[in-house]
Amino acid sequence: MAMSARPLLAALLLPALLLSAASAADSKNNPADQLVALVNSNRTAGKASSLSDNQGLGCIALQYIKAYQGQCSDVRDKKPPESSFTETFAPACGVQVATLSKITGRLVGCQSKYPSPPEAFDILVNDAKDLQVLHSKNHTEIGAAVSGTDGGGPYFWCVLFSGGKPTTSFKVDGEVPKTAMHPGCFSGNNDDCGGPTNGAVSAIAGASRLVAALLFVIACAFAL
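As the structure is a prediction and not an experimental result, all values here were calculated from the model.

Peer 1: Please give an account of the overall build of the protein chain that cites residues and values.
Peer 2: Along the backbone of the protein chain there are seven helices and five strands. Scanning the protein chain from its N terminus toward the C terminus, one meets helices and strands in the order α-α-β-α-α-β-α-α-β-β-β-α. Within the protein chain, residue pairs in contact and separated by at least 24 positions form 74% of the contacts whose partners lie at least 6 positions apart. For the protein chain, the exposed area adds up to about 11,500 Å²; of that, 58% sits on carbon and sulfur atoms.

Structure below.
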């Protein structure tokens with residue numbers, strides 16, 4: 001018996017609707033990724049190369065913020081010890097110590113109120129020295145992070161640059177950096193992160209969109 005028009009139409013539309021649902025779940029809202037995009041657009045506008053967004057380096061940038069323990073006044077004049085990368089930052093993120101590459105530049109900023117990514121970019125790059133770091137030809141990859149302190153301000157932004165090989169440096173055990181090490185967002189992980197007081201990555205928003213999309217699929221299928 002030939003299939004009736006309605007079930008046939010439903011069968012044809014269902015895969016497309018499911019694909020649409022999956023796409024909805026993959027959308028990103030991560031301020032650290034947005035900051036990386038701003039850095040890269042500024043670099044390419046100045047004839048410098050675009051940098052690879054490395055999730056391991058991004059997670060380390062989040063740990064770098066944690067080292068300041070909420071002290072805004074320290075960001076310009078003080079840096080965590082270099083040994084922190086091997087002893088603290090990399091292990092906290094699940095980054096293989098043997099794959100750490102040289103940090104070729106750092107931009108760190110802090111403000112009592114949460115700034116948007118474009119505002120944060122202006123905070124991080126506000127003098128000739130910062131511009132030199134931003135446009136350096138020694139960089140090949142980038143990691144960025146943002147975090148609040150104790151559930152609120154002050155808010156820290158950090159961008160770390162490296163000259164390593166993007167395919168082999170800052171490699172992560174299990175392919176995904178450890179999360180929930182410190183409230184905040186880090187770049188390169190392809191996950192939503194609603195704000196600096198959230199966990200490092202949050203899949204809840206994506207999951208809820210997927211459920212909503214699937215319910216829409218089912219409703220459409222029965223309506224046909």
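Peer 1: If you had to explain helix α3 (residues 55-66) to someone new, which residues and values would you point to?
Peer 2: Compared with the 16 Å implied by 1.5 Å per residue over 12 residues, the 17 Å span of α3 between its first and last C-alpha is a close match. Along α3, 10 of the 12 residues are buried, which leaves the element largely enclosed by surrounding structure. Looking at the buried residues of α3, the elements they touch are α4 (83-93), β2 (103-111), β3 (141-149), β4 (152-162) and β5 (185-186). Its side-chain oxygen 2.8 Å from the backbone nitrogen of Gly56, Asn54 forms the N-cap of α3.

Analysis parameters
Residues numbered from 1 in each chain as written. Predicted model: local features only at pLDDT ≥ 70, side-chain atom pairs only at ≥ 80, totals over all residues. Heavy atoms only, no water. Helix = DSSP H or I, 4+ residues; strand = E, 2+ residues; numbered from the N terminus. Contact = heavy atoms within 4.5 Å. Areas by Shrake-Rupley, 256 points an atom, 1.4 Å probe, with all protein chains shown as cover. Expected span 1.5 Å × (residues − 1). Buried < 20%, exposed > 50% of the residue type's maximum accessible area, 1.4 Å probe, protein only. Polar contact = N/O pair within 3.5 Å; in protein donor to acceptor, adjacent residues only side chain to side chain.

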